[in-house]
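This is what each chain is made of:
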Amino acid sequence: MASAGGGSRGSVRPERHVQTGRGGNGASSSVRTKSAPPKRPSSSSSAKSSIDSDNAADAIRVRVAVRLRPKNKEDFTDDGDFTSCVELQTETKKLRLKKNNWSSEMYKFDEVFTEGSSQRRVYEAVAKPVVESVLEGYNGTVMAYGQTGTGKTYTMGHLGKSDPSERGIMVRALEDILASVSTSTDSVAISYLQLYLESLQDLLAPDKTNISIVEDAKSGEVYLPGAAVVELRDLNHFNELLHYGEANRYASNTKLNTESSRSHAILVVHVQRSVKVKDENDGTSTDDISNSNNVPIILKSKLLIVDLAGSERIDKSGSVEGHLLEEAKFINLSLTSLGKCINALAENSPYIPTRDSKLTRILRDSFGGTARTSLIITIGPSVRYYSETSSTIMFGQRAMKIVNTVKLKEEVDYESLYKKLECQVDSLTSELERVQKIRQEEKTKMERKLRKSEESLAELKRTFTMKCENLEKKNDCMKMEMKKLTEELNDEREQNKLLSDKVVEMEMSLSQNKQQQLENSKYKKALSDSSQMYEDRIKELLGKVEEEQARCAYLELELRGARQEVASNDNSSKMQDYSNAKELQNELLHKLKEESRSEIQQLEAKNKQLLSEKDLVYEELKSMQEKVMQETRHRRSLEDEILKLKKVVSKNGAEQLERGTSMLRTTSGFSSGGVYLPRTGKSRDSGQNDTRSKTFEGVGLSTIIALLKSEDLDVQCHAVKVIANCAAEDINQAKIIEEGGLDALFSLLETSENIIIHRATAGAIANLAMNGPNQALIINKGGARLLANVATTIDDPQTLRMVAGAIANLCGNEKLHVKLKEDGGIKALVGMVRSGNADVIAQIARGIANFAKSESRAISQGHRKGRSLLIDDGALKWMVTSYTSFSASTRKHIELAFCHLSQNEENTRDIITTGGIKELVRISQESERDDIRILAKKALNSNPAFLREIQ
């Protein structure tokens, strides 16, 4: 609430509107708009700047919603001209508080919930914005305030075991929180306490009582060091804890509530979330501390869900003595202290009495503090509790003036930072050791390769030396062979020369001795052949000599090249091998680094992918399980639909029909009510409603309507009884109309001759006639004519009571009066007096009162003129002659009808001629109700003809 003051003097209220400037600790702070989320620290900011972001704040007003409780049985018993003191205008979010029929006041709230508003709509409008704010790192409070018995605990803490749609704010809030947090990085924990007789007790650990309240002198936050803090696993775990805590809460039976909470229940939800910091350069989130100057941030927020005990007056609640009186004193004392603080904050008082009560100390951060607060006030419609309703509304109006300064709480997660750095150091150390080991192994391999290279070089040297020696030996051999060939050539030349000389000598001898030519021809031929052979041999030897000379030259060149290569290899082989080894080592190290880096990135991506696939598989598995369960239930319900219908209807039979028709409202057709169930009550009606709804949903509406046309009379009776019971609930009426149920009921009422079917059908139409749009539909489709025909042909009192109740509901709509009279509805209603049954006459009187009241309203608004339509059908004459012979409730309706008929001057003559003026005077003097006596006196004093007749 406000900052704590010194000693017992209370506290001084801080400035509630934050402006840009210097914060309380000297650091710069600025206003954050409610539409934009708080900015995260940039990647270049230090840890101190991320902590100083808590100084940025929003000024947000406390939001207040009002919820109207449906009418209960006590409210229906007090029927009359003025029974409800509350009128809601949901479109403009306004509430009209009526003190009587002439005086009222208008109030505006942030949200206005009618009797039929669902628990889901209340949660989404009131608590869901606060829950979302808590998930963003802000503190939040959701609180219920109101008179006892108006539905605070139902709104806040209802578990909804039998019907999930009735779950309260506590269960729905934790469901959203647990669905939004991560189980690996975030945590959610709760504490559940009650403030009983000004003593703070732990509902999760009942042995812990008188828990102390500690306030931080610097931040002003409130802590409860002795309370048990339980970390939640899932929503089922929370439901078990909430059920256990509710069992330990104090409750008693009072006149206002059978299970009245006698303590204030406070659910404290602690939420801790880690924040992924975004890098400003590329806009991507990173968790690597080595690549960024950011530090991990965690958001710590707290949500208070407070179910206050109901305010009550001792004389009305019956707590006049004993322990109940003591409990009521402490409840009213704490609520009074809370009201004083609210008044002081609303009036901008410098003194806020937060230390007057433990409740105000716990809620000091919720009103005028740093939490986003939503308040829902619950009220009842009954005029008997006008003062309590007015006080509750004024409490909400004052709370709407309070403005809280909402701050974001961010802290450096040093623990996770330390763990992350430690993991990174370990990883880098292991990586360094691995790289060093790889380098050592590579060095050993390179040294081994170098030794092998040196050995191979020495071997090459030895081989090359041997080759050179062999080449030299071959060269010497070639020289020797060339020398031999040269000598052989010289010998051949000498022989050739000798042969040439011989040839010359032979030619000379041939010329000298021609006679010897013939004898020597053979010798000459042989000689020429031998000379030619020798010439060819000489040419061949010369070619071989040239080839050997060229070969020797080539071998000499190859020898010189080999010698130069040996000399160069001796100088460069060692340097080249070392440089190649060094380059190979660097390439291997670079390759290993690249491979390890890519492998780490692939493993991280694969890990993220596996986590996402795990979540998807889990969600698919969960949805498939739900679908299988739904299909199984649907199949079983379809197999047993006829059996369930006959069994349920035959078991409840006439008892359900009587109970369904007894739910007919005793107000006009425009009124809508409901049944409000206590928090843990298990009444007989609720069990039967559950049975009806289960039968209705399990069998199917279309199937039940189709059974109305069955040839089996027993099946028809059972089906029409089920529809009559289901039509008593507003939520089923639209479905019955859409599926053609009304036409089927009209057809059955017109064609059937069974008295039980007539009774149940008339009861179903009566229940449908409680809704305004259904009334016009019933009249337009000839429903009034059918009801009038049944009323004239049947004498059974129970059936006539149903018919009279249906016509009485139609009488409450002034737009349908003319059509209702033309179809014989008014005449049939008055004609049912012949039965003499008290219940039938009570419904007739109620219908006449509804008709006269709505007709009087239409005349006063200028929508209608002329004499009343009731007079032509003898209703006024019957009222005058039979006024004193009926019960008190019936007389009350007749008196009310007299008063409204007397306000129309066109009816003056008929009232005087029938003797109604005497009854009007008697009503103004002897009526048991004050408002009816006032109406009668007003009608007498405003009509000069009545005054003259009295005189």
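Residues numbered from 1 in each chain as written. Predicted model: local features only at pLDDT ≥ 70, side-chain atom pairs only at ≥ 80, totals over all residues. Heavy atoms only, no water.

> Quick question: what am I supposed to make of the overall build of the chain here?
Of the regular secondary structure elements, the chain holds 32 helices and 23 strands. Scored against the burial criterion, the 951 residues of the chain give a buried share of 45%. Pairs at least 24 residues apart make up 73% of the contacts formed inside the chain by residues separated by at least 6 positions. Carbon together with sulfur atoms contributes 51% to the accessible area of the chain, which is approximately 50800 Å² in total. (Helix = DSSP H or I, 4+ residues; strand = E, 2+ residues; numbered from the N terminus. Buried < 20%, exposed > 50% of the residue type's maximum accessible area, 1.4 Å probe, protein only. Contact = heavy atoms within 4.5 Å. Areas by Shrake-Rupley, 256 points an atom, 1.4 Å probe, with all protein chains shown as cover.)

> Got a minute to help me understand a negative patch on the surface in this structure?
A surface patch of negative charge is lined by Glu487, Glu488, Asp491 and Glu494. On the secondary structure map, Glu488 appears in helix 11 (residues 414–512). (Patch = residues over 30% accessible without salt bridge, like charges linked within 9 Å, V, L, I, M, F, W, Y side chains within 5 Å. Salt bridge = Lys/Arg side-chain N within 4 Å of Asp/Glu carboxyl O. Lys, Arg positive; Asp, Glu negative; His and termini not counted. Charge placed at Lys NZ, Arg CZ, Asp CG, Glu CD.)

> Can you walk me through the pairing of strand 21 (residues 372–379) in this structure?
One face of the sheet, then the other: side chains in a regular strand alternate in exactly this way. Most of strand 21 sits inside the fold, with eight of its eight residues counted as buried. Covered by surrounding structure in strand 21 are Arg372, Ser374, Ile376 and Thr378 together with Thr373, Leu375, Ile377 and Ile379, the residues of both alternating faces. Alignment of strand 5 (residues 63–68) against strand 21, held across six bridges, turns out to be parallel. Considered in strand 21, the bridge of Val64 is made with Leu375. (Pairing = 2+ DSSP bridges.)

> Could you clarify how one ought to interpret the packing of helix 5 (residues 169–180) against helix 6 (residues 235–247) in this entry?
What describes two packed helices is the angle between their axes and the distance between those same axes. Remark: helix 5 packs on helix 6, axes separated minimally by 10 Å, with the N-to-C direction vectors making an angle of 150 degrees. Comparing their axes, helix 6 and helix 5 come out roughly antiparallel. Judged by the sense of rotation from one axis to the other, the crossing of helix 5 with helix 6 is right-handed. Residues Met170, Val171, Leu174, Glu175 and Leu178 of helix 5 form the contact with helix 6, whose participating residues are Leu235, Phe238, Asn239 and Leu242. Classifying every residue of the contact of helix 5 with helix 6 by side-chain character gives seven nonpolar, one polar and one charged. (Axes fitted to C-alpha atoms, helices over the stretch in contact; angles between N-to-C directions. Parallel < 35°, antiparallel > 145°, perpendicular 65-115°, else oblique. Left-handed = near helix turned anticlockwise from the far one by under 90°. Nonpolar A, V, L, I, M, F, W, Y, C, P; charged D, E, K, R; others polar.)

> What am I meant to see in the nonpolar core here?
If you look at soluble globular proteins, the nonpolar side chains tend to sit buried side by side. Judged by nonpolar contacts, the single largest core of 86 residues is most densely connected at Met832, Ile844, Ile848 and Trp878. Here this core takes nine residues from helix 16 (residues 713–727), the largest share from any one element. Discounting chain neighbours no more than four positions away, the residues touching Ile844 are Ala804, Leu829, Met832, Val833 and Trp878. (Core = buried A, V, L, I, M, F, W, Y, C linked by side-chain atoms within 4.5 Å.)

> Teacher, can you tell me more about the sheet that holds strand 6 (residues 86–89) here?
The pairing of strands in a sheet happens through backbone hydrogen bonds and is either parallel or antiparallel. One open sheet accounts for three strands, arranged 6-7-8; its pairing is antiparallel. Two strands bound the open sheet, and with one partner strand each, they are strand 6 and strand 8 (104–108). Averaged over neighbouring strand pairs, the angle between their axes works out to 20 degrees when direction is ignored. Summarising the sheet, strand 6 and strand 7 (residues 94–98) pair through four bridges and their orientation is antiparallel. Following the sheet pairing, Gln89 is matched in strand 7 by Lys94. Relative to the sheet, helix 10 (residues 386–399) contacts strand 6, strand 7 and strand 8, its axis offset from that of strand 7 by approximately 150 degrees.

> Just checking my understanding: could you explain unusual backbone geometry for this structure?
At Glu198, a residue that is not glycine, the phi angle is positive and equals roughly 60 degrees. Locating Glu198 in the fold gives a position in the loop between strand 11 (187–196) and strand 12 (199–202). Positive phi outside glycine occurs at Asn210, with the angle close to 55 degrees. On the secondary structure map, Asn210 appears in the loop between strand 12 and strand 13 (214–215).

> Got a minute to help me understand the pairing of strand 18 (residues 264–275) in this structure?
Pairing of strand 11 with strand 18 involves nine bridges; the strand directions are antiparallel. Residue pairing across strands places Ser191 opposite Val268, the latter belonging to strand 18. In terms of strand pairing, strand 18 meets strand 19 (residues 297–307) through eleven bridges, oriented antiparallel. Within strand 19, the residue paired with Ala265 across the bridge is Asp307.

> I would appreciate a short explanation of helix 20 (residues 772–780) in the present structure.
Quick reminder: α-helices carry 3.6 residues per turn. Residues three or four places apart thus point the same way. Gly772, Asn774, Gln775, Ile778 and Ile779 are the residues of helix 20 that are buried. What you see down the axis of helix 20 is that its buried residues fit within an arc of 150 degrees, all on one side. Structural note: helix 20 exposes Pro773 and Asn780 on the side pointing more than 90 degrees away from its buried face. In the segment just after helix 20, Gly782 is the residue with positive phi, at about 80 degrees. (Arc of directions from axis to C-beta.)

> Even after reading the chapter, I still don't get the packing of aromatic side chains, so can you show me in this structure?
A complete count under the given rule lists two aromatic pairs for this structure. Between the aromatic rings of Tyr145 and Phe395, the centroid separation amounts to 3.8 Å while the plane-to-plane angle is 15 degrees, which identifies the pairing as stacked. Of this pair, Tyr145 sits in strand 10 (residues 140–146) while Phe395 is found in helix 10, placing the two residues 250 residues apart along the sequence. Comparing Tyr145 with Phe395, the two get one shared label, buried. With a centroid separation of 3.8 Å and an interplanar angle of 10 degrees, the aromatic rings of Tyr196 and Tyr250 are classed as stacked. Here Tyr250 lies in the loop between helix 6 and strand 16 (251–252) and Tyr196 lies in strand 11, a separation of 54 residues in the sequence. (Phe/Tyr/Trp six-rings, centres within 6.5 Å; stacked < 30°, edge-to-face > 60°.)

> Before we go on, may I ask you to explain the confidence of the model for the chain in this structure?
Reading fine detail from the predicted coordinates is not recommended where pLDDT is low. Per-chain confidence: the chain averages 76 in pLDDT, with 73% of residues scoring 70 or above. Counting interchain partners and residues more than four positions distant, the pLDDT-below-50 stretch residues 1–56 has 136 contacts. Long-range and interchain partners of residues 278–292, a stretch whose pLDDT sits below 50, account for 26 contacts in this model, where long-range means more than four residues apart. (pLDDT = per-residue confidence, 0-100.)

> Even after reading the chapter, I still don't get a positive patch on the surface, so can you show me in this structure?
Taken together, the side chains of Lys445, Arg448, Lys449, Arg451 and Lys452 define a basic patch exposed on the protein surface. Tracing the backbone through its elements, the reader meets Arg451 in helix 11.

> Looking at this structure, I do not really get the packing of helix 21 (residues 783–793) against helix 22 (residues 797–810). What am I missing?
At a closest axis distance of 10 Å, the pairing of helix 21 and helix 22 adopts a crossing angle of 150 degrees. Between helix 21 and helix 22 lies a crossing whose hand is left-handed. On the side of helix 21, the interface is formed by Leu787, Val790 and Ala791, while helix 22 contributes Thr799, Leu800, Val803, Ala806, Ile807 and Leu810. Counted by class, the contact of helix 21 with helix 22 contains eight nonpolar, one polar and no charged residues.

> Any chance you could explain the pattern of salt bridges here in plain terms?
Side chains that differ in sign of charge can pair as their charged atoms come close. Applying the stated criterion to the full structure yields 23 salt bridges. Across the pair Asp307 and Arg249 runs a salt bridge, and its minimum N-O distance is 2.9 Å. Residue Asp307 is found in strand 19, and its partner Arg249 is found in the loop between helix 6 and strand 16; the two are separated by 58 residues along the sequence. Arg249 gets classed as buried once you look at its relative accessible area, which sits at 7%. When the shortest N-O distance is used, the salt bridge between Asp910 and Arg867 registers 2.7 Å. Here Asp910, found in helix 29 (residues 908–913), pairs with Arg867, found in the loop between helix 25 (838–860) and helix 26 (869–872); they are 43 residues apart in sequence, far enough to count as distant. According to the relative accessible area criterion, Asp910 is buried, its value standing at 17%. A relative accessible area of 35% places Arg867 in the partly exposed class. Via salt bridges that share partners, Glu215, Arg355, Arg361 and Arg364 belong to a single interconnected network.

> Looking at this structure, how should I read helix 17 (residues 730–738)?
Taken together, the buried positions of helix 17 are Asn732, Gln733 and Ile736. Buried residues of helix 17 fall within an arc of 115 degrees about the axis and therefore sit on the same side. Relative to its buried face, helix 17 has exposed residues pointing more than 90 degrees away, namely Ile731 and Glu738. Within two residues after helix 17, Gly740 carries a phi angle of roughly 80 degrees, on the positive side.

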